[in-house]
Amino acid sequence: MAYYEIDRQGQLKREVWFELPYYCMMHDFGLTEHYAVFHVVPIVGSWERLRAGLPHFGFDTTQPIYLGVLPREGTAADIRWFTAPNCFASHVMNAFEEGTKVHFDVPMAKGNAFPFFPDVHGAEFDPHKAHCYLTRWTVDMASRGEAFEGMKRLAELSGEFPRIDDRYTSQPYRFGFMLAQDFSRPLQLPGGRSATGMMMNLLAGIDHASGTVQTYWAGPTSTLQEPCVIPKSPTAPEGDGYLVTVANRLAEGRSDLLIFDAQRLTEGPIATVKLELRLRPALHGNWAPESQLQRPGTAVTT
Ligand SMILES: [Fe+2]
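Calculation criteria
Residues numbered from 1 in each chain as written. Predicted model: local features only at pLDDT ≥ 70, side-chain atom pairs only at ≥ 80, totals over all residues. Heavy atoms only, no water. Helix = DSSP H or I, 4+ residues; strand = E, 2+ residues; numbered from the N terminus. Rg over C-alpha atoms; globule rule 2.2 N^0.38 Å. Buried < 20%, exposed > 50% of the residue type's maximum accessible area, 1.4 Å probe, protein only. Contact = heavy atoms within 4.5 Å. Areas by Shrake-Rupley, 256 points an atom, 1.4 Å probe, with all protein chains shown as cover. Lys, Arg positive; Asp, Glu negative; His and termini not counted. Charge placed at Lys NZ, Arg CZ, Asp CG, Glu CD. Pairing = 2+ DSSP bridges. Donors = N, O, S within 2.8 Å, 3.2 Å for Na, K, Ca; no water. Salt bridge = Lys/Arg side-chain N within 4 Å of Asp/Glu carboxyl O. Phe/Tyr/Trp six-rings, centres within 6.5 Å; stacked < 30°, edge-to-face > 60°. Axes fitted to C-alpha atoms, helices over the stretch in contact; angles between N-to-C directions. Disulfide = S-S within 2.5 Å. Patch = residues over 30% accessible without salt bridge, like charges linked within 9 Å, V, L, I, M, F, W, Y side chains within 5 Å.

A. A look at the overall build of the chain. For the chain, the count of helices and strands is two helices and 22 strands. The C-alpha atoms of the chain give 20 Å as radius of gyration, which agrees with the globular expectation for 302 residues (19 Å, within 12%). Across its three principal axes, the chain shows a C-alpha extent of roughly 50 × 50 × 40 Å. Buried positions account for 46% of the 302 residues belonging to the chain. The contacts in the chain between residues at least 6 apart in sequence include a share of 57% that link residues at least 24 apart. In the structure as shown, the chain presents an accessible area of about 15,400 Å², 53% of it carried by carbon and sulfur atoms. Across the chain, the centroid of the 27 positively charged side chains sits 3 Å from that of the 34 negatively charged ones.

B. Focus on the sheet that holds strand β4 (residues 35-40). Judged by pairing direction, the sheet is antiparallel, and its four strands sit side by side in the order β3-β4-β7-β8 without closing on themselves. Two strands lie at the open edges of the sheet, namely β3 (30-31) and β8 (80-84), each paired on one side alone. Taken together, the two bridges between β3 and β4 define a ladder with antiparallel strand orientation. The partner of Gly-30 across the bridge, within β4, is Val-37.

C. Structural view of the pairing of strand β19 (residues 228-231). Here β19 shows a buried face lined by Cys-228 and Ile-230 and a second buried face lined by Val-229 and Pro-231. Looking at chain direction, β19 and strand β20 (residues 241-249) are connected through four bridges and run antiparallel. Across the sheet, residue Ile-230 finds its bridge partner in β20, namely Tyr-242.

D. Layout of the coordination of the iron ion. Protein-derived coordination of the iron ion comes from His-27 (NE2), His-91 (NE2) and His-284 (NE2), at a distance range of 2.0 to 2.1 Å. Written as a sequence motif, the donor residues of the iron ion are H-x63-H-x192-H. Of this pair, His-27 sits in the loop between β2 (12-17) and β3 while His-284 sits in the loop between β22 (271-274) and α2 (290-293), and the two are 257 residues apart along the sequence. For His-27, a relative accessible area of 41% puts it in the partly exposed group.

E. Molecular detail of the pattern of salt bridges. Considering all chains together, one arrives at 17 salt bridges under this definition. Residues Glu-156 and Arg-153 are paired through a salt bridge, measuring 2.9 Å at the closest nitrogen-oxygen approach. The exposed category is assigned to Glu-156, whose relative accessible area is 64%. Put simply, Asp-165 and Arg-167 hold a salt bridge, and the shortest N to O gap is 2.7 Å. Residue Arg-167 is classed as partly exposed on the basis of its relative accessible area of 33%. Within this structure, Glu-5, Lys-13, Arg-14 and Glu-73 form a network of salt bridges that share partners.

F. The arrangement of the side chain of Asp-60 in detail. Assignment of secondary structure puts Asp-60 in the loop between β6 (58-59) and β7 (65-71). Of the side chains bearing the opposite charge, Arg-49 lies closest to the buried Asp-60, which forms no salt bridge; the N-O distance is 8.8 Å.

G. Representation of the packing of aromatic side chains within the structure. Taken as a whole and judged by the stated rule, the model has 18 aromatic pairs. Ring geometry for Tyr-22 versus Tyr-66: centroids 6.0 Å apart, planes at 70°, classification edge-to-face. Of this pair, Tyr-22 sits in the loop between β2 and β3 while Tyr-66 sits in strand β7, and the two are 44 residues apart along the sequence. Note on Tyr-23 and Phe-57: the rings are 6.2 Å apart at their centroids and 15° apart in plane angle, and the pair reads as stacked. Of this pair, Tyr-23 sits in the loop between β2 and β3 while Phe-57 sits in the loop between α1 (47-51) and β6, and the two are 34 residues apart along the sequence.

H. Region of interest: the sheet that holds strand β14 (residues 159-163). Pairing within the open sheet is antiparallel, and its four strands lie in the order β14-β15-β16-β17. In this open sheet, the two strands that pair with only one neighbour each are β14 and β17 (213-217). Ignoring strand direction, the axes of neighbouring strands in this sheet form an average angle of 25°.

I. Examining the state of the cysteines more closely. Considering all chains together, one arrives at zero disulfides under this definition. Lacking any disulfide linkage, Cys-87 is separated from the closest cysteine sulfur, that of Cys-132, by 9.5 Å.

J. Inspection of a nonpolar patch on the surface at higher detail. Where nonpolar side chains cluster on the molecular surface, the patch consists of Tyr-4, Ile-6, Leu-12 and Trp-17 and spans about 470 Å² of accessible area. Counting only elements with at least two residues in the nonpolar patch, the list comes to β1 (2-6) and β2. Among the secondary structure elements, Leu-12 is positioned in strand β2. On the basis of relative accessibility, which here comes to 47%, the residue Leu-12 falls in the partly exposed class.

K. Region of the structure containing unusual backbone geometry. Positive phi, close to 60°, is recorded for Phe-161, a residue that is not glycine. Tracing the backbone through its elements, the reader meets Phe-161 in strand β14. We classify Phe-161 as buried; its relative accessible area is 6%. A positive phi angle, close to 80°, is found at Ser-170, a residue other than glycine.

Put into structure tokens, the structure is as follows:
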């Protein structure tokens, strides 16, 4: 695997090559003040799978997971690997340090959450084990051995696509947002769910300080796309901002952009932009201020 660090001017600052415990789909990672943190989860592939005409990736329930912690100023020799029993995780909400501890917040499932990456040993997809719950993985850089210090569930919501106020990336933070699935709500989804087959009908805001969770239900014929946090100003305190998401209006074949007060999700959108075209029911979303879009050499999309 190669880790690259690129500065604001688009210049390559650092390039570190290292070996993973096994080949996997490396889909996201976390940053803290001093470390880059990589979760190795057994969404695996092999030449044998490709030769057999199987999907590139499959899930292997027999492999442990790993968390690789690379000092941001270090080399491949400095990376430290921690390990834990088999589970599933994909997108990272945030990571940060607390003394010698590294916290890594990620929606985590007991089993494979991706039906399109079938079990490599042939097991049937189990939707009950596919529910992802936001969980804090903690490792201690002052510890010996390879064990995690802990895994703590942060919210009782089944969901994914976690986001924060991006100004707090790599730092301690209070507010997290994600999409969630509430199967107890009425559901009629003409035209399908999303590109992944996941039904995301709730927008959720998690206050890590108080432990409270706010939700907004999109209605029986709508699903939501990944939300983005927009601070009210560059110096606004964390949480003082807006949350935006695209709503897929499946019954009408339309899309709306919903704008919420990030502190008052349950009250519903404060503004709805009725888009004149239907956007595909996609996965990821990003937002950038106009000032950043106009600055040459600034990457605005991922
Ligand atoms: Fe993704």
